[in-house]
Amino acid sequence: MAQYILALDQGTTSSRAILFDREQNILAIRQHELAQHYPHEGWVEQDPMDIWSTQYAAMLEVLAASGVSPQEIAGIGITNQRETTILWDRKTGRPIYNAVVWQCRRTADIVDGLVAQGLSDYIRQTTGLIPDAYFSGTKIKWILDHVEGAREKAARGDILFGTVDCWLVWKLTGGKVHITDATNAARTMIFNIHTLDWDDTLLEALDIPRAMLPRVCSSSEIYGTVAIPGGDIPIAGIAGDQQAALFGQTCFAPGDAKNTYGTGCFLLMNTGAQACESKNGLLTTIGIRLGGETQYALEGSVFVGGAVIQWLRDEMRFFAESRDAEYYAKKVPDTGGVYLVPAFTGLGAPHWDMYARGCLIGLTRGTSREHIIRAAQESIAYQVNDLLDAMARDTGVPLSSLSVDGGASRDSFLMQFQADISHCTIRRPVIRETTALGACYLAGLATGVWHSRDELTQLWRCDTFYEPTMQEDARRRLLTGWSKAVGRSLDWEEHR
């Protein structure tokens, strides 16, 4: 029986392939960088053919490096950057426009139009999202509006839409399969997360033909096969990157949560069969669709997480390598009363203030570089704590433990401060590739490599637990200072 799973991890800045065995050991990893294009201020694009070619090359290179034959691979799991939007010609297989990336803000005026039509509450109740250019729906409309004849061809089913997972499956199967999974569909702002179908009201509002949309499947099933010299491999698992990380962290029970520390931070909590509508600035989304059952999640996004450390490195020139931030932060016992609010592009959840700006406050003549570096480190944990507080208010239950992953989770100072300021146990796994691992798990369940989520839970191994040690009065004092600093940064830039 085939015992290996191949994970394709298509991210914003790179395309990676990782081969796992059934004990979740990594046999080989290959990665190719992926270019982003900025044709105008606030616009972000990628070439869909580059997305495809870099991912396909990484896949073939992993197979060659590992020496594993296609017959030995049970299945392929795909995880991807979410919300990024691709439209292509069904007959030629060529994109009709560049991929409009999730970061792109070009459709803000379309979003304003939806709000003016009084659709804000409807969008929130139907899709679990807030009206924002972040999501795919307005990106589809923009491309259809700006490519001549596209909407008419789309109405005939000759132009297809897909998020990155959908595009990869279509290419890998030679144009035979046009599907997406529920976690990616839930990020489009045109999908009803309760009925699990595309929403006609929102399709009409955005003038998007239903004929161009993919069929929505579960996150773990066999969708089609990839023909590779030496044999065919089934594609058997799909999830958007943050939901894949939630699954890879084995957050299978309601109340389980994970936070990914990357350029930004993404906190997801499993809420089970209940779609919990947030009253505190979080998003409601599909956590996973598996075995005919849907689990929902609350999601909070921090725009600037590890990016604040990159700012200190590149713009402030405080150190040469990002990993040095931990060393300097430990050289002082505290920040000396300094707070850094990294609202460089506004604040995300739970504040959602696009006019907030960065704030460095509490400076004295004795403030040193080390104090500022420590304040930057702590700002990441404070922002995540704001999300945890919002989730506790939504669910009525404070979080007792948090699973972590992402590049900055290697920073022991940051992880201990997170445990202290949030008064919860931080669980860092042995395998940090949790996004790819989640896709691997989903494909393995569909192909019989594993038979239950309980089996996966037994495989999950912790590298380090961080337990809270801070006194409650000190914690309260620090949080009060953070709240005051955030207040100074809100609504700073002039409204235009």
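Further up the page is the structure itself.
Overview of the structure. Position numbers for residues count from 1 along each chain, tracking the sequence in the order it is written. Local features are withheld for residues below a pLDDT of 70 in this predicted model, meaning they are given only at 70 or higher, and side-chain atom pairs are given and counted only at 80 or more; totals for whole chains, interfaces and linings count all residues. As a rule here, side-chain values come from all non-hydrogen atoms in the structure, and water together with hydrogens is ignored.

1. Concerning helix α4 (residues 136-146)
Burial classes: relative accessible area under 20% of the type maximum marks a residue as buried, over 50% as exposed, and values in between as partly exposed (1.4 Å probe, protein chains only). Starting at the N terminus, helices and strands are each numbered in turn, a helix being any DSSP run of H or I of at least four residues and a strand any DSSP run of E of at least two. Burial analysis of α4 places nine of its 11 residues in the buried class, which makes it a mostly covered element. The complete set of buried residues in α4 reads Ser136, Gly137, Thr138, Lys139, Ile140, Lys141, Trp142, Ile143 and Leu144. Pairs of residues are marked as contacts when any of their non-hydrogen atoms sit within 4.5 Å. Looking at the buried side of α4, the elements it contacts are β6 (86-89), β7 (99-100), α2 (108-116), α5 (150-155), β8 (159-162) and α8 (200-206).

2. Describing the pairing of strand β14 (residues 231-240)
In terms of residue burial, β14 counts as a mostly covered element, since eight of its 10 residues are buried. If DSSP finds at least two bridges between two strands, the strands pair. Note that strand β5 (residues 73-80) and β14 share five bridges and pair parallel. Within the sheet, the bridge partner assigned to Ile78 lies in β14 and is Ile238. Across six bridges, strand β13 (residues 220-228) lies against β14 in antiparallel orientation. The residue of β14 that forms the bridge with Thr225 is Pro234. Between β13 and the antiparallel strand that follows it, β14, lie two residues; Gly230 among them carries a positive phi value of about 110°.

3. Some details on the side chain of Thr85
The residue Thr85 is located in the loop between β5 and β6 in this model. Under the rule applied, a polar contact is a pair of N or O atoms within 3.5 Å (in protein, one hydrogen donor and one hydrogen acceptor; residues adjacent in sequence only if both atoms are side-chain atoms). A polar atom in the side chain of Thr85 sits 3.0 Å from the backbone oxygen of Glu83. Those residues in contact with Thr85 that lie beyond four places of it in its chain are Asn98, Ala99, Val100, Ser136, Lys139, Ile140, Ile143, Phe161 and Gly162.

4. Details of the pattern of salt bridges
Any carboxyl oxygen of Asp or Glu that lies within 4 Å of a side-chain nitrogen of Lys or Arg is treated as forming a salt bridge with it. According to the stated counting rule, one finds 26 salt bridges in the structure shown. Taking the shortest distance from any N to any O, the salt bridge between Arg210 and Asp197 comes out at 3.2 Å. Highlighted residues: Arg210 in the loop between α8 and β12 (215-217) and Asp197 in strand β11 (residues 197-198), separated in sequence by 13 residues. For Arg210, a relative accessible area of 35% puts it in the partly exposed group. The partly exposed category is assigned to Asp197, whose relative accessible area is 33%. Taken together, the salt bridges that share partners define one network made up of Arg82, Glu83, Arg187, Asp241 and Glu299.

5. Focus on the packing of helix α1 (residues 48-66) against helix α6 (residues 164-172)
When two helices pack together, their arrangement is given by the angle between the helix axes and the distance between those axes. Helix axes are fitted to C-alpha atoms over the stretch in contact, other axes to C-alpha atoms as well, and angles between N-to-C directions run from 0 to 180 degrees. Their axes nearest at 11 Å, the elements α1 and α6 cross at an angle of 65°. α1 and α6 meet at a crossing whose hand is right-handed. Contacts between α1 and α6 involve Pro48, Met49, Ile51, Trp52, Gln55, Tyr56 and Met59 on the former and, on the latter, Val164, Trp167, Leu168, Lys171 and Leu172. Each residue gets one label: Ala, Val, Leu, Ile, Met, Phe, Trp, Tyr, Cys and Pro are nonpolar, Asp, Glu, Lys and Arg are charged, and the others, such as Gly, are polar. In terms of residue class, the contact of α1 with α6 is built from 10 nonpolar, one polar and one charged. Two helices cross in a left-handed way if the nearer one is turned anticlockwise from the farther one by less than a right angle. They cross in a right-handed way if the turn is clockwise.

6. Some details on the pairing of β5
In terms of residue burial, β5 counts as a mostly covered element, since eight of its eight residues are buried. Relative to β5, strand β1 (residues 4-10) runs parallel, the two sharing seven bridges. Looking across to β5, one finds that Leu8 is bridged to Ile78.

7. Some points on helix α9 (residues 241-248)
Across the eight residues of α9, eight count as buried, placing the element largely inside the fold. Every buried residue belonging to α9 is among Asp241, Gln242, Gln243, Ala244, Ala245, Leu246, Phe247 and Gly248, and all of these are buried. Just past α9, the residue Thr250 takes up positive phi, approximately 55°.

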